[in-house]
Amino acid sequence: MIQLEQVSKLYGTVIGANDLTVELSPGAYGIVGPNGSGKTTLINLLTGQLRPTLGKVSVFDQDPWRNRKLLRRIGLCPATDVLYPNVSAYEWVTYQVRLHDLSQADSKQFATESLAQVEMTEHMHRPMGEYSLGMRQRTKIAQALAHRPELLILDEPYNGLDPVGRHQMTQLLVKLSQQGTSLLFASHVLHEIEEITSSFLLIHGGRLLASGTAREVEQIIADTPQEVVLTGLDVAKLIPHLADQTWVDSMQLLAERTELRIGLRDPSNLYHSIADWISKDHLQIDQFQTADSNLTAVFESLLRHHRGESK
Amino acid sequence: MNPLLVLDVVRFELRRSLSPGRIAIWGILVLFPIALVTAIRLLSNRALENTEDWGLALYFLIPEVVCLLGLLLWATPAVSTEVEGQTWIYLAMRRSGRNLVLVGKYLTAVLWSCSAACVATTACVMIMGSAGGLKLWFVICVLSLLSCLAHAALYIMIGTIFFRRTMVVAVSYTLVVEYGLAFVPAIANRLTINYRLRGLLADWMNWDTARTVTENIGGQESAWVHVLVLLATSTALVAASILRLTWTELPTQQEG
């Protein structure tokens, strides 16, 4: 469905995408990365809004920059808000579908159906200026769905949705995925994506750091040197235990001896041993922070792996 | 390009632009020449009985001022407002979105400005009384339409080249080229739209003074040459804008 061959995108001297190579079959994928990591650049390359500086982008075996007819098969829900204050969601979505050269009757029917899918039927004739952020978000998703695309690309689709809205959106996306619509779902919140798919692309600094299932990514992280941070009054008393271990690379005692940063080559050894040490010596340790609990740390670990620093 | 789709774009653009602010601007554009013509009529010591004097004033006020002001407001920011409002991506994601929306916005700008010009012309000719007349009304309306078609294409083109500070560029161009260069008696003034409009006014109204001034400033082309050049310029500018927009990477949103 999607092929990127050594794709780079430069904005002057700034790199938006850096040597991306990936091949995706039809299915659901999450694009995970912190803000500014290049998710939107990747989406813009896939939708033909940007031309790659180097490399080749192919969607459904066609170049999206050169072949705009391809857009009929792609639906995009961008991260940016939309506001035409005196136009209703029904008018706007109908207009958007009509721009795909569908007949007026079909455009109206498709718009009505997609607005119903996102639970906007009741409000669809009200001007968009009266909508809440969540309602505008649903409307954006409706315009992406309305022309029945084969590939649906969503950039931060949960923005502005309340918990009920998030649940409904998850249900809708799972249903679409089960019905055969391919999904590409960008977010900086990992668990949002995990509810819909277990396949990820992890992007940072415009580079594709890892791709695969959550388990495969976990394995990469486990094989990569990473940092664990312990906080508590007794963290210094762990140093004698750690100093003897071959899998410890470095230790750093900070914050008036209440924070210990440990550089590890294999964190699983620490996970096996630390509970015993704490229990045996009756140590007060308040917090144990691993790379898994912090997305930035995950990306730092993956960046080290990407640079070839894994063992 | 499906003409029915273009009409749908025009319909949507008119629908979304029917806001109190835009209607007020349209009203100001209509009232501005009416107020000036009324003032001249009431305050002038010398009654302007001469159709040529009235006609030249009306021509300057409507096809050269009202039309240009309206188009600066409606045609120039056609693309930049979508880019700045971050709504361009929604249009660009449609199969024919870029081209259709550009042509639709162009026609909408022509409709808004030309309607204001024609309403203002009608009211002004009525205020002018015997000095006006059906012929003057018809000529000014046709010149307004040609002015709108050509200037809108020009401003749309400027808007597709300069996404930022579009208005500054368009106003500067208008002042320097359309109001400045058009009066310079040199071949370069034939590249301006206002030169063609002035030539048409003199020709169609058979005004000796205007004709002499036009011939001194420029050449002696026939009315048909002026009309053809204006229509060809409009078409070429719109086509160039479409090409430019089709192959331009417009900023879609903040990079994430």
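In this text, all values refer to a predicted model and were calculated from it rather than measured experimentally. Chains are numbered independently. Their residues run from 1 in the order of the written sequence. Chain A is the first chain written and ligand 1 is the first ligand written, with later ones labelled in order. Where local features are concerned, this predicted model is filtered to residues with pLDDT of at least 70; where side-chain atom pairs are given and counted, the filter is 80 or more; whole-chain, interface and lining totals use all residues.

Colleague: Residues and numbers for the nonpolar core, please.
Modeller: Generally speaking, soluble globular proteins have nonpolar side chains that are buried together. The term nonpolar core refers to a set of buried Ala, Val, Leu, Ile, Met, Phe, Trp, Tyr and Cys residues connected through C-beta atoms within 7 Å. Residues with at least 20 neighbouring C-beta atoms inside 10 Å of their own are called buried, those with 12 or fewer are called exposed, and the rest are partly exposed, where every C-beta is derived from the backbone. Formed by 135 residues in total, the largest nonpolar core has its most connected members in Leu71, Tyr106, Ala152, Ala153 and Ile156 of chain B. Per element, the largest residue contribution to this core is 17 residues, and it comes from helix H6 (residues 97-128) of chain B. Contact definition: two residues whose C-beta atoms, as placed from backbone geometry, lie within 7 Å. If we skip the residues at most four places from it in the chain, Ala153 of chain B touches Tyr106, Ser234, Leu237 and Val238 of chain B. Ranked by size, the runner-up nonpolar core spans 7 residues in total, among them Leu230, Leu238, Leu260 and Ile262 of chain A. Secondary structure follows DSSP: runs of H or I at least 4 residues long count as helices, runs of E at least 2 residues long count as strands, and numbering of each begins at the N terminus.

Colleague: Go over helix H2 (residues 89-98) of chain A with me, naming the residues and quoting the values.
Modeller: Most of H2 of chain A is tucked away, with 10 of its 10 residues classed as buried. Three or more residues of H2 of chain A are buried, namely Ala89, Tyr90, Glu91, Trp92, Val93, Thr94, Tyr95, Gln96, Val97 and Arg98 of chain A. Lining the buried residues of H2 of chain A we find helix H3 (104-117) and helix H4 (133-145) of chain A together with helix H1 (3-17) and helix H5 (88-92) of chain B.

Colleague: Outline H4 of chain A, listing residues and values.
Modeller: Expected span of a helix, by definition, is 1.5 Å for each gap between consecutive residues, and there is one gap fewer than residues. Spanning 13 residues, H4 of chain A covers 19 Å between terminal C-alpha atoms, matching the ideal 18 Å at 1.5 Å per step. When we look at burial in H4 of chain A, the residues that qualify are Met135, Gln137, Arg138, Thr139, Lys140, Ile141, Ala142, Gln143, Ala144 and Leu145 of chain A. Contact partners of the buried residues in H4 of chain A: strand S5 (74-77), H2, H3 and strand S6 (151-155) of chain A together with H5 of chain B.

Colleague: Describe the sheet that holds strand S3 (residues 28-32) of chain A, and please don't skip the residues or the numbers.
Modeller: Each strand in a sheet pairs with its neighbour through backbone hydrogen bonds, running either in the same direction (parallel) or in the opposite one (antiparallel). Residues and elements named next belong to chain A. Spatial strand order, S5-S6-S7-S3-S8-S9: 6 strands in an open sheet with mixed pairing. The open sheet terminates on both sides in strands that have one partner only, identified here as S5 and strand S9 (207-213). Taking each pair of neighbouring strands and ignoring which way they run, the sheet shows an average axis angle of 15 degrees. Any two strands with at least two DSSP-identified bridges between them are counted as paired. Bridge analysis of S5 against S6 gives 4 bridges, and the strand direction is parallel. Pairing of Gly75 across the sheet is with Leu152, part of S6. Sheet strands touched by helix H1 (residues 39-46): S3, S6, strand S7 (182-187) and strand S8 (199-204). Its angle to S6, the strand with the most contacts, is close to 150 degrees. Structural elements are reduced to axes, namely lines fitted to C-alpha atoms, with helices fitted over the stretch in contact, and the angle between N-to-C directions of any two is expressed from 0 to 180 degrees.

Colleague: Explain the pairing of S3 of chain A to me, and be specific about the residues and the numbers.
Modeller: Residue and element names in this part refer to chain A. S3 sits mainly inside the fold: 5 of its 5 residues count as buried. On S3, burial covers both faces: Ala28, Gly30 and Val32 on one face and Tyr29 and Ile31 on the other are all buried. The pairing of S3 with S7 spans 5 bridges and is classified as parallel. Opposite Tyr29, over in S7, you have Leu184 as the bridge partner. For S3 and S8, the ladder comprises 3 bridges, and the chain directions are parallel. Across the sheet, residue Gly30 finds its bridge partner in S8, namely Phe200.

Colleague: I'd like to hear about the packing of H1 of chain B against H6 of chain B, residue by residue, with values.
Modeller: Residue and element names in this part refer to chain B. Following both chains from N to C, one finds H1 and H6 inclined at 60 degrees, their axes separated by 8 Å at the closest point. With respect to H6, the axis of H1 lies oblique. Like other packed secondary-structure pairs, H1 and H6 cross with a definite hand, here right-handed. In this structure, H1 uses Leu5, Val6, Val9, Val10, Glu13 and Leu14 to contact H6, whose residues at the interface are Leu100, Val101, Val103, Gly104, Lys105, Leu107 and Thr108. Looking at the contact of H1 with H6, its residues break down into 9 nonpolar, 2 polar and 2 charged. By the definition adopted for this analysis, an angle is roughly parallel if under 35 degrees, roughly antiparallel if over 145, roughly perpendicular if from 65 to 115, and oblique otherwise. A crossing counts as left-handed when the near helix is turned anticlockwise from the far one by less than a right angle, and as right-handed when that turn is clockwise. The nonpolar class holds Ala, Val, Leu, Ile, Met, Phe, Trp, Tyr, Cys and Pro. Asp, Glu, Lys and Arg form the charged class, and all remaining residues, Gly among them, are polar.

Colleague: Give me the lowdown on the confidence of the model for chain B, citing residues and values where you can.
Modeller: Along the chain, pLDDT gives the predictor's confidence residue by residue, from 0 to 100. With 91% of its residues at a pLDDT of at least 70, chain B reaches an overall mean of 86. Scored by ipTM, the complex comes to 0.84, with pTM at 0.81.

Colleague: Can you lay out the interface of chain A and chain B for me, pointing to particular residues and giving the numbers?
Modeller: In this complex, chain A contributes 31 residues to the contact, which on the side of chain B involves 24 residues. Among the elements of the structure, H1 and H2 of chain A are those that each provide at least two residues to the side of chain A that touches chain B. Tallied by class, residues from the side of chain A that touches chain B come to 10 nonpolar, 13 polar and 8 charged.

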